[in-house]
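Structural characterization, general
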Amino acid sequence: MCRSKAEEFRLLGYEYVTSKDIWDCISRNYDKEGLPPLHKLVNDIYSLKANSYMNYLTIAAYRGLN
């Protein structure tokens, strides 16, 4: 699923997105609660927007997470 989303982002012009990047972005929400049910996980991955991903990268850069 993450690989599919990364390929979608590459088609939109975000050339260097990997499936690990997608997972890191999505999984940051699960740090406190643990992994959600599978249907929520799938929904979170497939509904991720490029804008949300770019916001995540910007915040991660400010925090020094990358």
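Let us look at the structure shown here.

Calculation rules
Residues numbered from 1 in each chain as written. Predicted model: local features only at pLDDT ≥ 70, side-chain atom pairs only at ≥ 80, totals over all residues. Heavy atoms only, no water. Salt bridge = Lys/Arg side-chain N within 4 Å of Asp/Glu carboxyl O. Helix = DSSP H or I, 4+ residues; strand = E, 2+ residues; numbered from the N terminus. Buried < 20%, exposed > 50% of the residue type's maximum accessible area, 1.4 Å probe, protein only. Patch = residues over 30% accessible without salt bridge, like charges linked within 9 Å, V, L, I, M, F, W, Y side chains within 5 Å. Areas by Shrake-Rupley, 256 points an atom, 1.4 Å probe, with all protein chains shown as cover. Polar contact = N/O pair within 3.5 Å; in protein donor to acceptor, adjacent residues only side chain to side chain. Contact = heavy atoms within 4.5 Å. Arc of directions from axis to C-beta.

1. Some words on the pattern of salt bridges
- Overall, the coordinates contain three salt bridges when judged by the stated rule.
- Notably, a salt bridge pairs Lys5 with Glu8, separated by 3.2 Å at the nearest N-O pair. With a gap of three residues between them, Lys5 and Glu8 both fall in helix α1 (residues 2–11), about one helical turn apart.
- A relative accessible area of 36% means that Glu8 is categorised as partly exposed.
- Across the salt bridge formed by Lys20 and Asp24, the nearest N and O atoms sit 2.8 Å from each other. Taken as a pair, Lys20 and Asp24 lie in helix α2 (residues 19–27) at a separation of four residues, close to a single helical turn.
- Overall, the relative accessible area of 54% leaves Lys20 in the exposed class.
- Classification of Asp24 by relative accessible area gives partly exposed; the value is 25%.

2. Comments concerning a nonpolar patch on the surface
- A cluster of nonpolar side chains, Met1, Leu38 and Tyr46, forms an exposed patch at the surface whose accessible area comes to about 310 Å².
- Take Met1: it is sitting in the segment before α1.

3. Here we look at the side chain of Asp44
- By the element assignment, Asp44 lies in helix α3 (residues 38–46).
- Of note is the side chain of Asp44, whose polar atom sits 2.5 Å from the side chain of Tyr30.
- Setting aside chain neighbours within four positions, we find Asp44 in contact with Ile26 and Tyr30.

4. As for the side chain of Lys5
- Judged by its relative accessible area of 2%, Lys5 is buried.
- Within the structure, the side chain of Lys5 is placed 3.1 Å from the backbone oxygen of Tyr46, a separation counted as a polar contact.
- Those residues in contact with Lys5 that lie beyond four places of it in its chain are Ile22, Ile45, Tyr46 and Leu48.

5. Observations regarding α1
- Those residues of α1 not exposed but buried are Cys2, Lys5, Ala6 and Phe9. On an axial view of α1, the arc spanned by its buried residues comes to 100°, and they lie on one face. Exposed side chains of α1 directed beyond 90 degrees from the buried face belong to Arg3 and Leu11.
- Packed against the buried residues of α1 are α2, α3 and α4 (50–63).
- In the segment just after α1, Gly13 is the residue with positive phi, at about 110°.

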